[in-house]
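# Summary of structural features
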Amino acid sequence: MINSEGSSGPVAQVFRGTFIHSTPQTALQVLEDALLGVDSAGKIAFIGKGENVLELSQKFGFNPSEVIKLAQHEFFMPGLIDTHIHASQYSYAGTALDMPLLKWLNTYTFPVESHFKDLEFARKVYTQVVKRTLRNGTTTACYFATIHTDASLLLGQIANDFGQRALVGKVCMDRNDSVEHYRETLQESVDETHRFIKELLNKKYPLVKPVVTPRFAPSCTEALLKQLGTIAKNNNLHIQSHISENIDELELVKNLFPDSETYTDVYHKFNLLTDKTIMAHGCHLSDKELTVFRETGTSLSHCPNSNFSLCSGILDARNVLNHKVKLGLGTDVAGGYSSSILDAVRRALDASKVLTIQNPEYQTLTFEEVFRLATLGGSQVLSLDDKIGNFEVGKDFDALRVNVAARGGPIDLVQCEAPKILLEKFLNLGDDRNIVEVFVAGRKVVPCADQTVE
Ligand SMILES: [Zn+2]
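Residues numbered from 1 in each chain as written. Predicted model: local features only at pLDDT ≥ 70, side-chain atom pairs only at ≥ 80, totals over all residues. Heavy atoms only, no water.

This paragraph deals with the domain arrangement of the protein. Split into domains, the protein comes out as domain 1 (11–78 + 389–446) and domain 2 (87–381). For domain 1 and domain 2, the distance between their C-alpha centroids amounts to 30 Å. Taken together, both faces of the contact between domain 1 and domain 2 bury some 2400 Å²; the carbon and sulfur share is 62%. Among the residues domain 1 hides against domain 2, the three largest losses belong to Leu427, Asp432 and Val440. Together they make up 23% of the total. The tally of links from domain 1 across to domain 2 stands at 3 salt bridges. As a salt-bridge pair, Asp396 and Arg165 come within 2.9 Å of each other at their nearest N and O atoms. Ranked by residues supplied to the side of domain 1 that touches domain 2, first place goes to helix 14 (residues 419–429) with 7 residues. (Domains from an automatic or database assignment. Buried area = accessible area lost by both parts, 1.4 Å probe. Salt bridge = Lys/Arg side-chain N within 4 Å of Asp/Glu carboxyl O. Helix = DSSP H or I, 4+ residues; strand = E, 2+ residues; numbered from the N terminus.)

Printed below as a string of structure tokens:
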């Protein structure tokens with residue numbers, strides 16, 4: 001259990017208490033009375049037993065009296081990972097849920113996204129969404145912005161300023177007939193993607209990186225998809241998009257790309273399926289398509305709130321896992337109305353139970369499995385599992401300090417409960433009042449100096 005490998009500096013903080021996380025082998029591992037040290041670079045320097053505090057303090061050079069002890073009903077868990085969220089749609093989250101996808105995009109989404117050419121509007125919304133998601137325990141977010149390069153760069157700056165780990169995508173779309181000014185030419189899309197990548201990388205933000213973002217196949221010409229595949233390859237970048245969300249969309253893709261056998265083929269053909277690709281939804285993917293996902297290392301973001309809210313479909317997450325496709329959770333704000341991954345946990349369990357109602361033989365996801373999807377699974381989806389996702393020595397300390405019995409919080413405890421019960425209660429009943437501290441790369445980002453959401 002004790003290991004100093006991967007440590008890169010003196011131990012800066014040491015915590016003692018219950019730590020709950022997942023490993024690839026075990027959906028839920030509870031470490032009671034554990035001692036975890038974080039080095040000055042924000043990485044986990046060691047994790048050991050509380051009773052060995054003296055020995056560990058000598059080995060790692062910390063003062064046992066400075067160890068921070070968790071209270072009863074408290075535990076640490078890895079930070080939540082939102083693998084799919086539209087920062088630009090946050091302003092109307094919680095509304096506009098009365099239409100299917102394609103109509104919803106034309107009626108609500110494109111008109112709102114077109115406003116992000118106004119940088120002051122963008123600053124307001126992006127500040128709100130970064131603060132709110134951090135409060136909700138999202139230590140890493142994979143964001144869609146809009147087609148506007150400067151506003152997308154601003155989102156990267158805001159995430160960096162507040163200390164959130166983020167992938168940020170400037171949206172690419174050279175096909176859209178519904179909103180006149182919300183479309184790029186092929187050349188604009190390519191040039192602005194180059195500029196976005198170059199300028200964001202030049203900022204050298206330690207935790208914020210660009211992601212190549214074709215909105216989805218119906219918004220892009222083949223020429224654009226091809227160029228984006230090349231850009232991602234030449235710069236070794238992440239790619240994100242949507243796939244197989246809704247039945248009408250499948251028909252549209254069939255009509256627009258008659259030469260492709262499946263929706264998956266459209267992306268595959270243009271080198272957009274890689275081990276750094278995150279595709280949202282996938283509700284209607286065939287087993288054959290899931291096999292292509294596994295072979296290419298492409299991952300899926302399960303966004304159940306959105307899938308229910310827009311009546312898109314129900315992802316068979318068990319089937320995805322059986323195909324050994326990397327799977328994580330996404331809020332898909334604002335198709336999903338909640339910006340909290342805790343909500344995604346609950347909706348993922350609901351989705352699995354709906355499938356069980358339809359087929360009593362169905363192997364329902366357990367809360368432990370969904371906990372893993374929200375943390376370690378998300379890190380695998382973003383190909384960041386060498387850095388985050390659980391409390392392995394050498395990884396960055398991205399963590400939530402959870403107090404299940406927080407004063408004024410939503411959970412009442414009648415008696416002292418075991419950690420596993422505390423986690424289950426938090427996942428099902430908890431909210432930001434229970435998330436008393438949030439750490440990203442060892443830095444405490446919640447509470448921060450300015451806590452008010454403007
Ligand atoms: Zn989406």
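What follows is about the packing of aromatic side chains. One pass over the full model with this rule turns up 17 aromatic pairs. Relative to Phe62, the ring of Phe46 has its centre 5.7 Å away and its plane inclined at 10 degrees; by these criteria the two rings are stacked. Separated by 16 residues along the polypeptide, Phe46 in strand 3 (residues 44–49) and Phe62 in the loop between helix 1 (53–60) and strand 4 (68–69) bring together distant segments of the chain. Each member of the pair, Phe46 as well as Phe62, carries the same accessibility label: buried. Each ring, one from Phe75 and one from Phe426, has its centre 6.2 Å from the other, and the planes form 75 degrees; the classification is edge-to-face. Within this pair, whereas Phe75 is found in strand 5 (residues 74–78), its partner Phe426 is found in helix 14, the two being separated by 351 residues in sequence. What links up through ring pairs into an aromatic cluster is the set Phe15, Phe19, Phe76, Phe391, Phe397 and Phe439. (Phe/Tyr/Trp six-rings, centres within 6.5 Å; stacked < 30°, edge-to-face > 60°. Buried < 20%, exposed > 50% of the residue type's maximum accessible area, 1.4 Å probe, protein only.)

Okay, the nonpolar core next. By size, the foremost hydrophobic cluster in this structure holds 110 residues, and its most contacted members are Tyr126, Tyr267 and Leu300. Each of domain 1 (11–78 + 389–446) and domain 2 (87–381) gives at least three residues to this core. Beyond its immediate chain neighbours, meaning those up to four positions away, Tyr267 contacts Phe216, Ala217, Leu225, Ser241, His242, Ile243, Leu272, Leu273 and Met279. Within the second largest apolar cluster, 15 residues are counted, among which are Phe15, Ile44, Ile47 and Phe391. (Core = buried A, V, L, I, M, F, W, Y, C linked by side-chain atoms within 4.5 Å. Contact = heavy atoms within 4.5 Å.)

This part covers helix 4 (residues 149–162). An ideal rise of 1.5 Å per residue puts 20 Å on 14 residues; helix 4 measures up with 20 Å between its terminal C-alpha atoms. Of all 14 residues in helix 4, 10 are buried, a share of seventy percent or more. Of all the residues in helix 4, the buried ones are Thr149, Ala151, Ser152, Leu153, Leu154, Leu155, Gly156, Ile158, Ala159 and Phe162. (Expected span 1.5 Å × (residues − 1).)

Note on the zinc ion: its protein donors are His84 (NE2), His86 (NE2), His242 (NE2) and Asp332 (OD). The metal-donor distances range over 2.0 to 2.3 Å. Geometry at the zinc ion is irregular, judged from the 4 donor atoms that bind it and their angles of 89 to 171 degrees at the metal. In primary sequence terms, the donor set of the zinc ion follows H-x1-H-x155-H-x89-D. Of this pair, His84 sits in strand 6 (residues 80–86) while His242 sits in strand 11 (residues 238–243), and the two are 158 residues apart along the sequence. (Donors = N, O, S within 2.8 Å, 3.2 Å for Na, K, Ca; no water. Tetrahedral: all angles 85-135°; square planar, octahedral: opposite > 155°, others 65-115°.)

What follows concerns the pattern of salt bridges. Going through the model one piece at a time under the given rule, you end up with 20 salt bridges. Of the charged contacts, one joins Glu199 and Arg195 as a salt bridge, the two residues approaching to 3.3 Å between their closest N and O atoms. Pair noted here: Glu199 and Arg195 are both in helix 5 (residues 186–203), with a separation of 4 residues, about one helical turn. Taking the relative accessible area as the measure of exposure, Glu199 reaches 32% and is therefore partly exposed. In this structure, Glu368 and Lys420 form a salt bridge, with 3.1 Å as the shortest nitrogen-oxygen distance. Pair noted here: Glu368 is in helix 13 (residues 367–381) and Lys420 is in helix 14, with a separation of 52 residues, a long-range link. The class of Lys420 is partly exposed, set by a relative accessible area of 41%.

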